[in-house]
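Here's the letter readout for the chains.
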Amino acid sequence: MALLPFGGGLQKAQANTLYAPNNAYAYNCTESSLYWWRIAYEKLRNGLQDAKIMAIGDSISFGVNSGSNTSEYYSNGWPVQLAKMFSIQQPNYVPSQLTLSIPNLPSNSDDRWSYTAPFTNNVGGPWGVVNQCHAVSSSGWSGSSGTVTFNPSQAANLPITCDSFDIYTVDNTAGGNGTFSCSVNGGTAQTFTLTGNNGLAIHNVTCPSASTSNSVVIQATDNTKTSVIVAIEPRLSTKFQLRIGNPSSPGAPASQWFSTVTTIGNTSGLGIVQTFSPSLAIILLGTNDGNALETPATFQADMQAGITFIKTALPQCSILLLSSVPTNTAATQALLIQYQPVYQALALANNCAYIDIFNGRFAGTYDTNWINGFHPYGWGYGDMANTIYNVLTNA
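The numbers attached to residues start from 1 for each chain and follow its sequence in the written order. Local features in a predicted model are, by the rule used here, given only for residues with pLDDT of at least 70; side-chain atom pairs are given and counted only at 80 or more, and totals for whole chains, interfaces and linings are based on all residues. No hydrogens and no water enter the side-chain calculation; it runs on all heavy atoms of the structure.

How should the overall build of the chain be read in this particular structure?
The helix and strand labels rest on DSSP assignments: H or I over at least four residues marks a helix, E over at least two residues marks a strand, and numbering proceeds from the N terminus. Regarding its fold elements, the chain presents 9 helices and 21 strands. Across the chain, contacts joining residues at least 24 apart in sequence account for 77% of those joining residues at least 6 apart. Surface accessibility follows the Shrake-Rupley procedure with a 1.4 Å probe radius. Residue values consider only the protein chains on display as shielding. Carbon and sulfur atoms provide 50% of the accessible area of the chain, an area that totals close to 14100 Å². Any pair of residues with heavy atoms lying within 4.5 Å of one another is described as a contacting pair.

Structural data, given as structure tokens:
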């Protein structure tokens with residue numbers, strides 16, 4: 001496919017190709033920029049291994065406003081619709097489903113998760129994705145132990161088949177580590193003790209059989225220590241899949257995701273990305289940076305920190321950047337316009353693929369037929385997923 005020069009060396013796919021459906025713009029979507037994704041994708045198509053994509057973003061990647069049920073917004077966001085497109089278009093070669101999730105919002109906003117004291121959903125707390133989201137059972141509680149329940153198939157339109165769960169925890173030497181038990185569907189509990197290595201750990205609990213009705217209950221068992229649950233991934237061992245993890249956190253700017261990254265293997269949100277080890281990271285950030293009135297230079301520095309982390313920690317991971325969508329908030333919209341050259345510069349400097357959602361599908365303007373405030377409607381998310389799908393299958 002012929003590529004046209006753009007922006008001093010960045011390449012833009014021709015508008016009449018599958019790279020750029022629905023008037024979206026795709027830049028630098030080449031074999032080089034998406035090399036590791038292409039390797040994983042072809043291995044999956046040949047039945048050799050799983051492929052993994054991770055969505056890194058805010059409420060737009062979480063899927064807010066994607067459906068009428070506010071407790072199941074996640075169930076129709078672009079990551080879910082992308083998984084369904086792969087499964088529908090390539091059912092025998094790329095079976096796909098949404099897997100990793102975080103205890104992201106109150107249970108009335110994400111009904112896959114529920115909590116009983118002393119476990120709480122610690123939005124705004126000191127740890128977790130963008131240092132704000134996790135489930136924690138703090139030391140010093142008394143009485144019966146608390147629980148975290150995760151049911152990945154809570155949404156009727158999003159059945160998730162699994163035969164085990166990976167439980168992501170923080171192992172924190174300072175302050176000591178707690179113990180917790182996990183049981184599936186009320187069965188025999190497995191007990192785990194956190195090891196204290198100042199990082200993330202994965203604890204696997206098996207299910208009686210592969211099913212869309214499996215759910216896991218985590219119970220705190222030591223009231224002198226703290227247990228922190230940061231993510232759960234339902235897994236299926238009987239066939240290879242495209243696993244799409246989505247630890248996106250509503251309200252998150254790039255400054256919270258990336259600017260405090262200092263070491264590889266830390267327990268930040270990027271620690272989840274590193275532990276999940278995707279072959280493709282899709283980054284969609286910018287709206288909340290605009291809300292915070294971050295300058296383009298600051299936004300670029302924060303994004304560069306995250307890209308550098310991923311390329312260093314995961315050298316076999318491709319990166320696809322997405323620009324945000326227009327908004328009807330004037331100050332934020334003005335900054336989003338200024339951020340557009342930043343995405344292009346980041347793609348060029350780091351050999352990342354880039355899809356310009358802002359100027360492509362939405363033509364840089366707020367369109368009430370597609371967007372409500374800061375978020376697309378379900379069909380807007382579907383259009384984004386279609387654009388991503390065509391890029392990933394044609395690079």
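From this point, the discussion proceeds with the structure in view.
Just checking my understanding: could you explain the sheet that holds strand β12 (residues 190–193) for this structure?
Neighbouring strands of a sheet are bound in pairs by backbone hydrogen bonds; such pairs are parallel or else antiparallel. On the basis of which strands lie adjacent, the open sheet formed by 5 strands has the order β6-β9-β14-β11-β12 and antiparallel pairing. Since the sheet does not close on itself, it has two edges, and those belong to β6 (113–116) and β12, each with one partner. Direction aside, neighbouring strands of the sheet carry axes that sit 20° apart on average. Whether two strands pair comes down to DSSP finding at least two bridges between them. Where β6 lies against strand β9 (residues 147–150), 4 bridges are found, and the strand directions are antiparallel. Bridge pairing in β9 places W113 opposite F150. Axes here mean lines fitted to C-alpha atoms, for a helix over just the part in contact, with angles spanning 0 to 180 degrees between N-to-C directions.

In this structure, what is going on with the nonpolar core? I would like to understand it.
Note on soluble globular proteins: their nonpolar side chains tend to be buried together. W37 and W78 are the most contacted members of the largest nonpolar core, which totals 47 residues. Setting aside residues no more than four positions away along its own chain, W37 makes contact with A51, I53, F86, L242, S279, L280, S318 and L392. Nonpolar core, defined: a set of buried Ala, Val, Leu, Ile, Met, Phe, Trp, Tyr and Cys residues in which side-chain atoms within 4.5 Å join the residues together. Using a 1.4 Å probe on the protein chains alone, a residue whose accessible area is under 20% of its type maximum counts as buried, one over 50% counts as exposed, and one in between counts as partly exposed.

In this structure, what is going on with helix α3 (residues 78–89)? I would like to understand it.
Three- or four-residue spacings in an α-helix give side chains the same orientation, since the helix completes a turn every 3.6 residues. With 12 residues, α3 ought to run about 16 Å at 1.5 Å a step, and its terminal C-alpha atoms sit 16 Å apart, in line with that. All buried positions along α3 are accounted for by W78, P79, V80, Q81, L82, A83, M85 and F86. Expected helix span is taken as 1.5 Å per residue step, with the number of steps being one fewer than the number of residues.

Just checking my understanding: could you explain the pairing of strand β19 (residues 353–356) for this structure?
The two faces of the sheet receive side chains in turn, since in a regular strand these alternate between them. Taking every second residue as pointing to the same face, both faces of β19 are buried, with A353 and I355 on one and Y354 and D356 on the other. Pairing between strand β3 (residues 25–27) and β19: 3 bridges, direction antiparallel. Note that in β19 the partner of Y27 across the bridge is Y354. As judged from the 3 bridges shared by strand β18 (residues 318–322) and β19, these two strands associate in the parallel manner. Residue pairing for β19: L320 is matched across the bridge by A353. Whether a crossover is right-handed comes down to one check: with the strands pointing away from the viewer, does the path from the first strand over the helix to the second run clockwise; if it does, it is right-handed. Regarding topology, helix α8 (residues 330–350) serves as the crossover connection from β18 to the parallel β19, and that connection is right-handed.

Whenever I open this one, the packing of α3 against helix α9 (residues 378–394) confuses me. Can you help?
The description of two packed helices rests on the angle between their axes and on the distance between the axes. At a minimum axis distance of 8 Å, the contact between α3 and α9 shows a crossing angle of 55°. Considering their axes alone, α3 and α9 lie oblique with respect to each other. Relative to α9, the crossing made by α3 is right-handed. Seen from α3, the contacting residues are W78, Q81, L82, M85, F86 and Q89; seen from α9, they are G378, Y381, G382, M384, A385, N386, I388, Y389, L392 and T393. Lys, Arg, Asp and Glu make up the charged group, whereas Ala, Val, Leu, Ile, Met, Phe, Trp, Tyr, Cys and Pro make up the nonpolar group; the residues left over, Gly among them, are polar. Taken together, the residues that form the contact of α3 with α9 break down as 10 nonpolar, 6 polar and no charged. Each angle is binned into one of four classes, with values under 35 degrees roughly parallel, values over 145 roughly antiparallel, values of 65 to 115 roughly perpendicular, and all other values oblique. Two helices crossing with the near one rotated counterclockwise from the far one by less than a right angle form a left-handed crossing, whereas a clockwise rotation gives a right-handed crossing.

Would you mind showing me how to read unusual backbone geometry here?
What is expected of a backbone is that most residues other than glycine have negative phi and most peptide bonds are trans. In the Ramachandran plot, N28 falls in the positive-phi region, its phi being about 55° despite a non-glycine side chain. Residues other than glycine seldom take positive phi values, yet S277 does so here, at roughly 55°. The topology assignment puts S277 in the loop between α5 (269–276) and β17 (280–284).

Would you mind showing me how to read the pattern of salt bridges here?
Once their charged atoms are close, side chains differing in charge can pair, the charge on each being opposite to the other. Basic side-chain nitrogens of Lys or Arg form a salt bridge, by our definition, when they fall within 4 Å of a carboxyl oxygen of Asp or Glu. For the coordinates displayed, the defined rule picks out 6 salt bridges. Note that R38 and E42 form a salt bridge whose closest N and O atoms lie 3.1 Å from each other. Here E42 and R38 lie together in helix α1 (residues 35–45), a separation of 4 residues that amounts to about one turn. Judged by its relative accessible area of 30%, E42 falls in the partly exposed class. Among the ionic pairs, R112 bridges to D110, the shortest N-O distance being 2.9 Å. The burial state of R112 is the same as that of D110; both residues are buried. What you see here is one network of salt bridges that share partners, running through R38, E42 and R45.

What am I meant to see in the packing of aromatic side chains here?
Think of a pair of aromatic rings as described by two things: how far the centres are apart, and how the planes are tilted against each other in angle. Side-chain rings of Phe, Tyr and Trp, where Trp is taken by its six-membered ring, are said to pair if the distance between their centres is within 6.5 Å; with planes under 30 degrees apart they count as stacked, over 60 as edge-to-face, and otherwise as tilted. Overall, the coordinates contain 15 aromatic pairs when judged by the stated rule. On the basis of an interplanar angle of 20° and a centroid distance of 5.5 Å, the ring pair of Y27 and Y354 is categorised as stacked. Taken as a pair, Y27 in strand β3 and Y354 in strand β19 lie far apart in primary sequence, 327 residues in all. On the basis of relative accessible area, Y27 is assigned to the buried category, the value being 3%. The class of Y354 is buried, set by a relative accessible area of 0%. Ring geometry for Y41 against F86: centres 6.2 Å apart, planes inclined by 65°, an arrangement best described as edge-to-face. You can see Y41 sitting in helix α1 and its partner F86 sitting in helix α3, a full 45 residues away along the chain. Each of the two residues, Y41 as well as F86, counts as buried. Connected via pairs of aromatic rings, a cluster forms that spans Y25, Y27, F299, Y339, Y343 and Y354. Across the ring face of Y93, the terminal group of R45 is positioned such that the distance to the ring centre comes to 5.1 Å. Any Lys NZ or Arg CZ that is within 6 Å of a ring centre and within 35 degrees of that ring's normal is treated as a charge sitting over the ring. Directly above the aromatic system of F276 lies the positively charged group of K52, at a separation of 5.3 Å from the ring centroid.

Help me understand the environment of I229, please; the structure alone is not making it clear to me.
Positionally, I229 belongs in strand β15 (residues 227–235). Considering only alpha carbons, one finds I229 and I102, 127 residues apart in sequence, at a separation of 8.6 Å.

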